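Coordinate inspection notes
Single-letter residue listing:
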Amino acid sequence: MSDDPRLSLRLHFAQGLTFGRGKADLLQAIADEGSISAAGRAMDMSYRRAWALVEEMNLAFTEPLVDSARGGSGGGGAHLTARGEQVLRDYRALEAVLRHQGEPHLASLRAGLKPAPPAPEASADDAPQTASQTAPQTVVSGEK
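Residues numbered from 1 in each chain as written. Predicted model: local features only at pLDDT ≥ 70, side-chain atom pairs only at ≥ 80, totals over all residues. Heavy atoms only, no water.

1. Details of the overall build of the protein
Short version of the rule: Each helix is a run of H or I in the DSSP string that is no shorter than four residues. Each strand is a run of E no shorter than two, and both are numbered from the N terminus. Relative accessibility under 20% of the residue-type maximum defines a buried residue, over 50% an exposed one, and the middle range a partly exposed one, all with a 1.4 Å probe and only protein chains included. Here, two residues are considered to be in contact whenever any of their heavy atoms come within 4.5 Å of each other.
If you tally the helices and strands in the protein, you get 5 helices and 4 strands. Along the chain direction, N to C, the helices and strands of the protein fall in the order β-β-α-α-α-β-β-α-α. Looking at the protein as a whole, 24% of its 144 residues are labelled buried. At a minimum sequence separation of 6, the contacts of the protein that also span at least 24 residues come to 50%.

2. Some words on the packing of helix α1 (residues 21-33) against helix α4 (residues 82-101)
Applicable threshold: Only the contacting stretch of a helix is used when fitting its axis, a line to C-alpha atoms as for every element, and angles between N-to-C directions run 0 to 180 degrees. Just so you know how the angles are binned, under 35 degrees is roughly parallel, over 145 roughly antiparallel, 65 to 115 roughly perpendicular, and the rest oblique. Note: crossing handedness is left-handed where the near helix turns anticlockwise from the far helix by less than a right angle, and right-handed where it turns clockwise. When residue character is reported, Ala, Val, Leu, Ile, Met, Phe, Trp, Tyr, Cys and Pro are called nonpolar, Asp, Glu, Lys and Arg charged, and the others, Gly included, polar.
Where α1 contacts α4, the axes come no closer than 10 Å and their chain directions differ by 130 degrees. With respect to each other, α1 and α4 are oriented oblique. For the crossing formed where α1 meets α4, the hand is left-handed. Every residue of α4 that contacts α1 at Arg21, Ala24, Asp25, Leu27 and Gln28 is listed here: Gly84, Val87, Leu88, Tyr91, Arg92 and Glu95. Classifying every residue of the contact of α1 with α4 gives 5 nonpolar, 2 polar and 4 charged.

3. A look at the pattern of salt bridges
So the rule is basically this: The working definition used for a salt bridge is a side-chain nitrogen of Lys or Arg within 4 Å of a carboxyl oxygen of Asp or Glu.
As enumerated under the stated definition, the model contains 5 salt bridges in all. In this structure, the salt-bridge partner of Asp25 is Arg92, at a minimum N-O distance of 2.8 Å. Linking Asp25 in helix α1 with Arg92 in helix α4, this pair joins segments that are 67 residues apart in sequence. Two residues, Glu63 and Arg83, come together in a salt bridge whose shortest N-O distance is 3.1 Å. Taken together, the residues span a long stretch of sequence, with Glu63 in the loop between α3 (47-60) and β3 (66-69) and Arg83 in helix α4 at a distance of 20 residues. Assessed through its relative accessible area of 30%, Arg83 is described here as partly exposed.

4. Some thoughts on the packing of aromatic side chains
Short version of the rule: Two aromatic rings, drawn from Phe, Tyr or Trp (for Trp, its six-membered ring), form a pair once their centres lie within 6.5 Å of each other, and the interplanar angle then sorts them: stacked below 30 degrees, edge-to-face above 60, tilted otherwise.
For the structure shown, the criterion picks out 2 aromatic pairs. Ring plane angle 70 degrees and centroid distance 5.3 Å describe the contact between Phe19 and Tyr91, whose orientation is recorded as edge-to-face. Of the two residues, Phe19 is situated in strand β2 (residues 18-19) and Tyr91 in helix α4; the sequence distance between them amounts to 72 residues. For the pair shown, Phe19 and Tyr91 are each scored as buried.

5. Some thoughts on the nonpolar core
Formally: Throughout this description, the term nonpolar core refers to a set of buried Ala, Val, Leu, Ile, Met, Phe, Trp, Tyr and Cys residues connected via side-chain atoms within 4.5 Å.
In this structure, Phe19, Leu26, Leu27, Ile30 and Val66 are the most contacted members of the largest nonpolar core, which totals 22 residues. Sorting the residues of this core by element identifies α1, α2 (36-42), α3, β4 (77-80) and α4 as the ones contributing at least two each. The element best represented in this core is α1, accounting for 5 residues. Excluding residues within four positions of it along the chain, Leu26 makes contact with Ala39, Met43, Met45, Ala50, Leu53, Val54 and Met57.

6. A word on the confidence of the model for the protein
Detailed reading of the predicted coordinates is not advisable wherever pLDDT is low. For clarity, the threshold we go by: For every residue, the predictor assigns a confidence score, pLDDT, that lies between 0 and 100.
Counting all residues, the mean pLDDT for the protein is 85, and 79% of those residues have values of 70 or more. Across residues 131-144, where pLDDT falls below 50, the model places 4 contacts with residues more than four positions away in sequence or in other chains.

7. Thoughts on α4
So the rule is basically this: Multiplying 1.5 Å by the helix residue count minus one yields the expected span of that helix. An arc is given here, and it is the one of the directions from the helix axis to the C-beta atoms.
Under the 1.5 Å per step criterion, the end-to-end length of α4 is 28 Å for 20 residues, consistent within 8% with the ideal 28 Å. Along α4, the residues that are buried comprise Gly84, Val87, Leu88, Tyr91 and Arg99. Taken end-on, α4 shows its buried residues confined to a sector of 105 degrees, consistent with a single buried face. When the buried face of α4 is taken as reference, the exposed residues oriented beyond 90 degrees from it are Ala82 and Gln101. Against β1 (11-12), β2, α1, β4 and α5 (103-111) lie the buried residues of α4.

So, in structure tokens, the structure goes:
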């Protein structure tokens, strides 16, 4: 099975909530990182944006998807609630259904496409450089 095309499932609910890969990935990052701010950083998303998306999701469902505690001496943190875990499982299951059961239709669509353009050829400027050809770099832990 091919990952071409890249599928993007977006659900638009009558209540006004749009739920797609970005919110699902944010929930996954919160589960992985244990913090909304750390999840936002992992996704190159601002702290404010991550919190706004969590608040939007929490208000849209009958139960919050994310439970959080403020920082401070206790350290704070966040985790998915049982409802949040279920929403994430359901969304990922829908993605899998679309990919697997839609494969014959995706194959038909791919078959009708013109060939993909060739990848650009590497130039001498793109060639790997030796250590003596590159300037020293400073790497700060935790930054991308």
